[in-house]
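Chains, contacts and geometry: an overview
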Amino acid sequence: MKGTEIGQIKSRRNAVQQQHLIKMEYPLSSTYGARSALFLQSADDYHRHRHRLNKKLKHLRRSLNIQTKDSKHYAEKEKISSISSENYEMDSKFGEVILFQIERDLIYAEETRLLLNVRSSKAKEKFLISKYKKSIANAKKLLKVTTEEKDSDKVLELLAYVAIIEGYLKVSRKKWLVAINAFSVARIILQFLYQHEKLPEALTKELYLDLIDNVVDPALSLSLSQASIKQANLLLVSKNAVSENKIDYLQKAIDIISRRDPSFVKVSSSENASEKLIDSIKWLNYEAQLSSDELAKSIMKCNKEEAKVKENDPSTYDVSLINWQDAITIHTQEMERSNNDADAEDDDENQDKYIISTYLNYNYLLLRIRRDIALYENLQATYQKKTVSRTTLLETARDSLKMLQNVIKSIEEIKELPGVANDDDLNESLDKIDVYFQSLKLYKLAQAYLISNKYKESLALLNEAHKQLSKIDSILQIEFKGGLPTSDKIDQLKNQLQTELAKVQVLTIYSNEISSGSEINNSRFVIDDVDKFPEFSDDLLLKKIASLKTTVQPVHFKPVLFDTGFNYISYSGEGPVDSEETITSAAPAKTTETAPAPVEEKKSKGFFGLWGR
């Protein structure tokens, strides 16, 4: 019974293992996904990763019992070359062994390429090509081993991986047309997988887009440039290339995609319609030739989107600003790639690149200034409302100052662009616009102080703004488009500052007079509260020690005190009032007469029995 239970446990374990083993890991996630997670940058990073792959291969070979312990005559004894499709069907780890061998060679090649960037060497260049050739040989073997793989998405991932290797090999050998074909197939596969593949929750499709942006498209653009093929639409290039496939073992990927979604490999009539691209740009008195169709198309897209911008709607600027940023990125990458081959370029080509760079940044910064001005103008609508709290007005002033500061910063960036300082008219116009926005910033800050009833500070800021703006004339040699200031706006601000300066000056004088008078009239005397010492001036302090006025002032009283006073008053009609002498002399006689007959003493009705009427 015990042996039966053990046998059942073993059979269940084998079933689970077989279920797991037939599932090969996703090739791109196991290779490029692992690289992305480790953020490999330098040659040392790739060196350490290569040693990690060696350890992983060692464990895999040991688990599959295909390790070669005796390294003598290794080529005759090694077992990896004998892996077959039957081994893969029995255990998918046999395929992973070959996959990680390919990845290890590619990591070694990438490490060598980074070292070549530091110091060139013919020996290292040959070593680099040898690693690519070895990777391709193992890749073809892996494709043969995985012939019976049922998951077409994993097959496509593997074919994309191999296509990238093939493209790198052809680039190293400068076979540009075949390289274009290889990278085109890889691009089509990655786009298809991003659209259709269903990955586990632990994985993400963003890897496919990263590979397109950072691996395939730069290599494809370089190959097109070297082959003197002018085409900015890489998707159209890829579709045309796969229709004329030059690499036989990649045809399987095209067939799989054609069966599942033909739109990824067939060129539609709308896509085939060619768009005439610009071949040069003009900036001020300079003109530069465009050497890249991708950049030409990007600039055309920028101009098209900028035409849709509405001056007073800040939200319409976003798309155009992003397009200009993309064009700057494309041109920057092209300049970096061309710097590696600087000897092959003449001075005119280099000058054109710097003119294009200034053109792109100049238009981007001007558009950003227009967007910030639109935001500023929308904020000014708050001041036109009839009922607005002081807090809201101060918050609006704060946001307005931020927008104006952004505009001033962008103007400074334009001034620092190459070639701007050489144009006197442009430089002078930018200086005047800079002074305009500096004065406007001081004006808005003065308004904030005025809202807070700080008239002296507001007057000082307005005076400084008026002084700065008065130093320049209103004539602009170059009129800028959009919401940027014109000569009329500069004159308008000058007049507005002059008017506000006069108003605030009157308010300041009136406020000083009111505050000095109210300080004397409303302040308490020192004697009124000896525990506190007021902050008076010396002259005012002498006047505020105590009140020296003799005017009669009403005082508060209590009713009981009135009764006390009433008891002291004699009223007419109650008999004659005797003098003090008469009362004194008459008193004994009156007492003697009345002595025999005692009279009951009358109780006093005065205050507390002490005084009476």
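By the naming in an unreviewed UniProt entry, the protein chain is Signal recognition particle subunit SRP68, taken from Ambrosiozyma monospora. Under Function (unreviewed entry), UniProt gives the following word-for-word description of the protein chain: "Component of the signal recognition particle (SRP) complex, a ribonucleoprotein complex that mediates the cotranslational targeting of secretory and membrane proteins to the endoplasmic reticulum (ER). The SRP complex interacts with the signal sequence in nascent secretory and membrane proteins and directs them to the membrane of the ER." On record in UniProt, under Sequence similarities (unreviewed entry), the comment for the protein chain is "Belongs to the SRP68 family."

A word on the environment of Ser-292. With respect to the secondary-structure elements, Ser-292 resides in the loop between strand S2 (286-289) and helix H15 (293-306). For Ser-292, a relative accessible area of 13% puts it in the buried group. Placed 13 residues apart in sequence, Ser-292 and Asp-279 show a C-alpha to C-alpha distance of 8.6 Å.

Before going further, it helps to examine unusual backbone geometry. If you check the backbone angles, Lys-174 has positive phi at about 60° while not being a glycine. Topologically, Lys-174 is positioned in the loop between helix H9 (152-172) and helix H10 (176-196). For Lys-174, a relative accessible area of 61% translates into the label exposed.

Moving on: the environment of Phe-192. Assignment of secondary structure puts Phe-192 in helix H10. You can call Phe-192 buried: its relative accessible area is 0%. Along the backbone, Phe-192 and Ile-257 are 65 residues apart, and their C-alpha atoms lie at a distance of 7.5 Å. Not counting chain neighbours up to four residues away, the residues in contact with Phe-192 comprise Leu-156, Glu-197, Ile-257, Arg-260, Asp-261 and Phe-264.

A word on the packing of aromatic side chains. Each pair of aromatic rings is reported with the distance of its centres and the angle of its planes. The full count for this structure, using the stated rule, is nine aromatic pairs. Judged by centre distance (5.9 Å) and plane angle (15°), the rings of Trp-283 and Tyr-286 are stacked. Take Trp-283: its relative accessible area is 5%, and that puts it in the buried class. Relative to Tyr-359, the ring of Trp-324 lies with its centre 6.1 Å away and its plane at 70°, an arrangement referred to as edge-to-face. Of this pair, Trp-324 sits in helix H16 (residues 318-339) while Tyr-359 sits in helix H17 (residues 347-379), placing them 35 residues apart in sequence. Each member of the pair Trp-324 and Tyr-359 is classed as buried. Ring pairs connect the aromatic residues Tyr-132, Tyr-168 and Phe-183, which therefore count as one cluster.

It is worth spelling out the layout of surface pockets at this point. Over the atoms rolls a probe the size of a water molecule, and in doing so it shows where empty space is left. Here the second largest pocket defines a volume of roughly 600 Å³. Around the second largest pocket sit 21 residues that line it, and Asp-217, Leu-234, Glu-294, Asp-326 and Ile-330 are the ones nearest its centre. Looking at the lining of the second largest pocket, the elements that each hand over two or more residues are helix H11 (206-226), helix H12 (234-243), H15 and H16. Here the residues of the lining of the second largest pocket sort into six nonpolar, six polar and nine charged.

Rules and cut-offs
Residues numbered from 1 in each chain as written. Predicted model: local features only at pLDDT ≥ 70, side-chain atom pairs only at ≥ 80, totals over all residues. Heavy atoms only, no water. UniProt positions renumbered as here; feature names shortened; annotations may be inferred. Helix = DSSP H or I, 4+ residues; strand = E, 2+ residues; numbered from the N terminus. Buried < 20%, exposed > 50% of the residue type's maximum accessible area, 1.4 Å probe, protein only. Contact = heavy atoms within 4.5 Å. Phe/Tyr/Trp six-rings, centres within 6.5 Å; stacked < 30°, edge-to-face > 60°. 1 Å grid on protein atoms, 1.4 Å probe; cavity = no way out; pocket = protein on both sides within 12 Å on 5 of 7 lines; lining within 4 Å. Points joined across faces, edges and corners; volume = space filled by probe spheres on them. Nonpolar A, V, L, I, M, F, W, Y, C, P; charged D, E, K, R; others polar.

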